[in-house]
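One letter stands for each residue in the lines below.
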Amino acid sequence: MSDKTPAPAEGAAQTAPAGPEAAPEPGQTPETGQAPETERGPETERAAETGRAPEGERAPEGEQAPARQVVQVSPGVHKRLTTGLGGFTMAMGACLLMVAAIFLITPRSNKEVLPTVDYASQQWAMRNGAPFTSYAPEGLPPGWRPTSSRLHGLDTNGSKPVAWHLGFVTPSDEYAALEQSNERASDYVPRMTNNRNALGTQQVNGVTWMKYHRKDKKANSLARTLPDGVSLVVTGTASYEELAVLAASLRPQSKQGAIPAPSTSAKPGS
């Protein structure tokens, strides 16, 4: 048996020796062992600008690549969207002009409409609960509309004065009110008339009423105090003529149908 190894045949490939200097992997450069940077050709540059894959990287035939959604706008819309602040200002101006036109042509009224009230229950309560003979208007001409009615003191068992306020809108669209109370006249009348100094007197159906005026509040008033200490005041923005109509309509209210005690205050118009 020979100790010599036969020499390789001529032309046979020689096996690379194993060691630190092994052959590089396919696709790597011998110097760095990394893949070489791909050169950017015209197709690659065009794909970077358009966002489309190069011809060689597109989806194979039969597979649909995801399409980008394209929104079509008209030239007019495009212009409005790209005109900037000028277009926005013109649009806002047109809207404001339209709002102003609607505001000018819309009918409106600043006049306050007061509700009509039914004061029959307050009239009945005063007639039967007040510690004095109360008065209420009767037979007012058309155009007088009651708008407010308030009672005070009926639930105090005589510990406080009793008062009744009854307000009207007059035919001339002014305000007139009847105020009556058994409060001390020296306090009650000046507070209701907004004045302590009378201008004089006015006769209403033969009965004398004191006449008051408050210029800064445009308040006219007629007032009188009855023998039993009850004060009657008609006051408001109405003229003295209209206040006299309200004063002349006042009639004493009988308790439970009884006839009130005779007095000068029971005369018509008192």
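Since the structure is predicted, the reported quantities are computational estimates derived from the model, not experimental observations. (Residues numbered from 1 in each chain as written. Predicted model: local features only at pLDDT ≥ 70, side-chain atom pairs only at ≥ 80, totals over all residues. Heavy atoms only, no water.)

Draft legend 1. Spotlight on the nonpolar core. Counting 29 residues, the largest nonpolar core has V204, W209, L222, V234 and L243 as its most contacted members. Contributions of two or more residues to this core are made by β1 (135-137), β3 (163-169), β4 (175-181), β6 (207-214), β8 (231-236) and α6 (240-248). Y188, V189, M192 and V233 belong to the second-largest nonpolar core, a separate cluster that totals six residues. (Core = buried A, V, L, I, M, F, W, Y, C linked by side-chain atoms within 4.5 Å. Buried < 20%, exposed > 50% of the residue type's maximum accessible area, 1.4 Å probe, protein only. Helix = DSSP H or I, 4+ residues; strand = E, 2+ residues; numbered from the N terminus.)

Draft legend 2. Region of interest: the packing of aromatic side chains. Summed over the entire model, instances satisfying the criterion amount to three aromatic pairs. Judged by centre distance (6.2 Å) and plane angle (80 degrees), the rings of Y119 and F168 are edge-to-face. With a gap of 49 residues between them, Y119 in the loop between α3 (85-105) and α4 (120-129) and F168 in strand β3 connect regions that are remote in the sequence. We classify Y119 as buried; its relative accessible area is 15%. (Phe/Tyr/Trp six-rings, centres within 6.5 Å; stacked < 30°, edge-to-face > 60°.)

Draft legend 3. Seen up close, the confidence of the model for the protein. Scored by pLDDT, the protein comes out at a mean of 77, with 62% of its residues at no less than 70. This model gives residues 8-20 a pLDDT under 50, and the stretch forms zero contacts once residues within four places in sequence are excluded. Counting contacts from residues 258-270, a segment whose pLDDT is below 50, to residues more than four positions away or on other chains yields 28 contacts. (pLDDT = per-residue confidence, 0-100. Contact = heavy atoms within 4.5 Å.)

Draft legend 4. Structural context of the pairing of β6. Pairing geometry for strand β5 (residues 200-204) and β6, over five bridges, is antiparallel. Its bridge partner being in β6, V204 is matched across the sheet by V207. The loop that links β5 with its antiparallel partner β6 comprises two residues; one of these, N205, has a positive phi angle of about 50 degrees. Here β6 pairs with strand β7 (residues 219-225) via five bridges, running antiparallel. Bridge pairing in β7 places M210 opposite A223. Count of turn residues in the β6/β7 antiparallel hairpin: four residues, of which K218 carries a positive phi of about 50 degrees. (Pairing = 2+ DSSP bridges.)

Draft legend 5. Looking closely at the pattern of salt bridges. All told, the structure shown has four salt bridges when counted by the stated rule. K218 serves as the salt-bridge partner of E174, at 3.9 Å between the closest nitrogen and oxygen. Separated by 44 residues along the polypeptide, E174 in the loop between β3 and β4 and K218 in the loop between β6 and β7 bring together distant segments of the chain. Judged by its relative accessible area of 25%, E174 is partly exposed. Here R191 ties to E183 by a salt bridge, and the two come within 2.7 Å at their closest N and O atoms. The class for R191 is partly exposed, based on a relative accessible area of 44%. A relative accessible area of 18% means that E183 is categorised as buried. (Salt bridge = Lys/Arg side-chain N within 4 Å of Asp/Glu carboxyl O.)

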